Each structure stands twice: as structure tokens, then as C-alpha cells.
Amino acid sequence: MIDIVCGGQAGDEGKGKISAYLSYKGSYAYCVRVGGPNAGHTVVQNGTSYTLKNIPSGFLNPATKLVLGAGAYTKTEWLLKELEVTGTAERLIIDPHAVLITEEETARERGASHFMSHIGSVGTGLGQAVKDRIERRNVKFAKDEPLLKEFIQDVPELLNKALDRGEDILLEGTQGIKLSLLHGEYPFVTSRDTTAATFLGEAGLGPKSVRDVYVVFKPYITRVGPGPLAHEMTDEKELEIYHTKGHEIGSVSKRLRRIGAFEKTSASRAIMINNCTKIAITHIDMFAGNDRVKKYEDFTPQAKAFLEDLKALSREVYPHPEIALISTGPDMEDTLVL
């Protein structure tokens, strides 16, 4: 069966940690990542932090094979560096039609004021590469790179045969509903759709075998660059707490993230459009007094109030998901399972 991890806000919700935890504790044969290197996923294990632009966050489970689908975009040198850091070269599989972002595409994106100033691109070249692909330009596919030859396999065939054998797959999406090209806050969006259905298509999978869709929320919303943000925080002392304790600095852009209040409207849309069955909460420890809490009963009244409000919201929105995981600290093991 397939489990999917999606972002319920404007990205940076902690999908990397949730994906890593699910994979490490579960028995997924494959962990699949789609999307581009403009969205870094951070995983912390025993104090060691990994920021991954390409490798699926499930790499911590040595039994899980790691897959980049046809909807993945990467840079060869970044990917090879991550393989070295994570020691996962023997487990990596790449679809032949995953796209390699070229230096020319990166330069064109960074030289375009529309990308960099108006919509706040992080400048990896992903937007330009997607544009070139849509326009049927001469894009560079993974199958065209000799350095990646040993990793190339037909991913849809591989994954669907795995499902036929009864194996499980974890599909790790990127960014969040507010950044969806189709359903987000246009024009302050990314260059692709960022919902569960599209993640499936980008991996070469269909909806029939989906078991659970996890949507990840923080008790607040962050954005890198321009775009709507309700009740944006302006107090410098408060912001410093989020930028230090909360590590709210763009993992790819290295820019300080803007901080805003939790938005029930975007949360409702994330639950509805992703067909969310389970909710994961991260950064609950940003409510004072909730670091590494081991039991739901031990959360502070402020944290409980947020969680109860989210439970009430989920009862109003189909398909009425339950809160399943709560992250109480940065390490992968700082996770409460309900």
C-alpha cells in the first residue's frame, strides 16, 4: 500500500522529519521523492542533522530503497554529494525521465526579475527547468547523464510490481497547499502542483493503492519570500525565538522565514484537497513548556487548546482525519504517536 506525506501550509512544515520517522519505524520497501531541490527536507537523528534537497528522508532505514520519480528535478552534483553524505548509493533508483537542472537554467532563473523579485524564487533553476519541460525544450533527463547510469530504472514498473507483491511505499511530497500552482495563492506559488494526487502521478502511481495521506501542520505558518501571511509577526524578539529555537531559516535559500498565525482556511483546504486521513503536527514545542512531551495529557493548556481546535476543524472537513503524530522536538525520536 501507499502512504503519502503532504504539506498543509506554505512548505517548511516538517515533512522531512515525519517521512523519516514513518520510514524508520515502518517497513516500507521504497521511499519515493518527487519535486525539486528548491525545497530542502531536514532530518535530525541523535543530534546529527541532514538537509536533503534530493534524497528521500526515509534513507535512515537501511532496508528502504530510495527512489526519485519522473516528477523529480535535481542537480547532478548536489545529488552525488548527498549520496556521499548519506552513504546510500547502493539503494538509489532514478526514473529515466527525472530532470537534471542545468547551470544555464539556473543562470536564466537568477537573471529573471520575475522569478527572483516578484515571486521570491530561491534561484535553484527549478522554475526555469519546469518551464523548459512544459515548452518541450531540450531538457536534460537523468537517462542522459553518464554519472547516473547505474541508478536508472523504470520507476512506474518497479513500484507497481512492488505493490502487486504486497509491499509498502512511502511517497514524500514537497512544499504545501498554499504554494500549489493549481490550488495555492497565485502568483506567489511554486512551479508545480503540491498535492497528493499530483505526487502520485509524478511517481507513476495511481490512487487505488493509497492507504493513508498524512498532512503536516505547524501551529503557525512560515513563508520564505513574498505572499499572503495572516497576522504576520513583526516583534523582533519573538521572531528571534522562532529563527533560533524553531530553526525557521530556509534550508535552501538560507533566508529568515516570515512567521504568521495558523490559518484554518488553508488547513481545511489541505485536508479536503489531499483527501487527508491522518494529521501530523510539528513544532508543538514552540509553545513554551512542551519540549519532548511523552504523553498527550502532559501538554500545556495552550498546546492542548491548539490541538483540540484542530480536532474540531477536522470533524468539519471531509474525510475527517485524526491527529496521528505530534513532533515535540527536533530529533526524529521526539515524536508522540497517538
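Overview of the structure. These numbers come from a predicted model, not from an experiment.

1. Considering the environment of Gly36
Here is step 1 of the chain: Tracing the chain through its elements places Gly36 in the loop between β2 (28-35) and β3 (41-45).
Here is step 2 of the chain: For Gly36, a relative accessible area of 2% translates into the label buried.
Here is step 3 of the chain: Considered as a pair, Gly36 and Pro156 are 120 residues apart in the sequence and their alpha carbons are 19 Å apart.
Here is step 4 of the chain: Setting aside residues no more than four positions away along its own chain, Gly36 makes contact with Lys53, Tyr73 and Leu126.

2. Observations regarding the packing of aromatic side chains
Describing an aromatic ring pair means giving the distance of the ring centres and the angle of the ring planes.
Here is step 1 of the chain: Applying the stated criterion to the full structure yields six aromatic pairs.
Here is step 2 of the chain: An angle of 70 degrees between the planes, with centres 5.9 Å apart, marks the rings of Phe217 and Phe262 as edge-to-face. Taken together, the positions of Phe217 in strand β10 (residues 210-217) and Phe262 in the loop between β12 (258-261) and α9 (264-274) put the pair 45 residues apart, joining distant regions of the chain.
Here is step 3 of the chain: With a centroid separation of 5.8 Å and an interplanar angle of 90 degrees, the aromatic rings of Tyr296 and Phe299 are classed as edge-to-face.
Here is step 4 of the chain: Overall, Tyr296 belongs to the buried group, its relative accessible area being 16%.
Here is step 5 of the chain: These aromatic residues form a ring-pair network of at least three members: Phe217, Phe262, Phe287 and Phe306.
Here is step 6 of the chain: Of note, Lys53 hangs over the ring of Trp78, and the distance from its end group to the ring centre comes to 4.9 Å.
Here is step 7 of the chain: The ring of Trp78 is capped by Lys75, whose NZ or CZ atom sits 4.7 Å from the centre of that ring.

3. A look at the pattern of salt bridges
Here is step 1 of the chain: Scanning the model with the defined rule gives 21 salt bridges in all.
Here is step 2 of the chain: For Glu13, the salt bridge is made with Lys15, and the minimal N-O distance between the two is 2.6 Å. Comparing Glu13 with Lys15 shows no difference in burial state: the two are buried.
Here is step 3 of the chain: Connected through salt bridges with shared partners, the residues Asp12, Lys218, Glu248 and Arg257 form a single ionic network.

Basis of the calculations
- Numbering of residues begins from 1 in every chain and follows the order in which that chain's sequence is written.
- The predicted origin of the model limits local features to residues at a pLDDT of at least 70 and limits the giving and counting of side-chain atom pairs to 80 or more, whereas totals for whole chains, interfaces and linings rest on all residues.
- Heavy atoms throughout the structure, all of them, feed into the side-chain values; hydrogens and water do not.
- A run of H or I in DSSP becomes a helix once it reaches four residues, and a run of E becomes a strand once it reaches two; helices and strands are each numbered from the N terminus.
- The rule is simple: take the accessible area with a 1.4 Å probe, protein chains only, and divide by the maximum for that residue type; under 20% is buried, over 50% is exposed, in between is partly exposed.
- Should any heavy atoms of two residues lie within 4.5 Å, those residues are counted as being in contact.
- Planes of paired rings set the category: under 30 degrees apart is stacked, over 60 is edge-to-face and the rest tilted, where pairs are Phe, Tyr or Trp rings (Trp by its six-membered ring) whose centres lie within 6.5 Å.
- Over a ring means this: the NZ of a Lys or the CZ of an Arg is within 6 Å of the ring centre and within 35 degrees of the ring normal.
- When a carboxyl oxygen of Asp or Glu is within 4 Å of a side-chain nitrogen of Lys or Arg, the pair counts as a salt bridge.

Any link to function would need more than the numbers given here.
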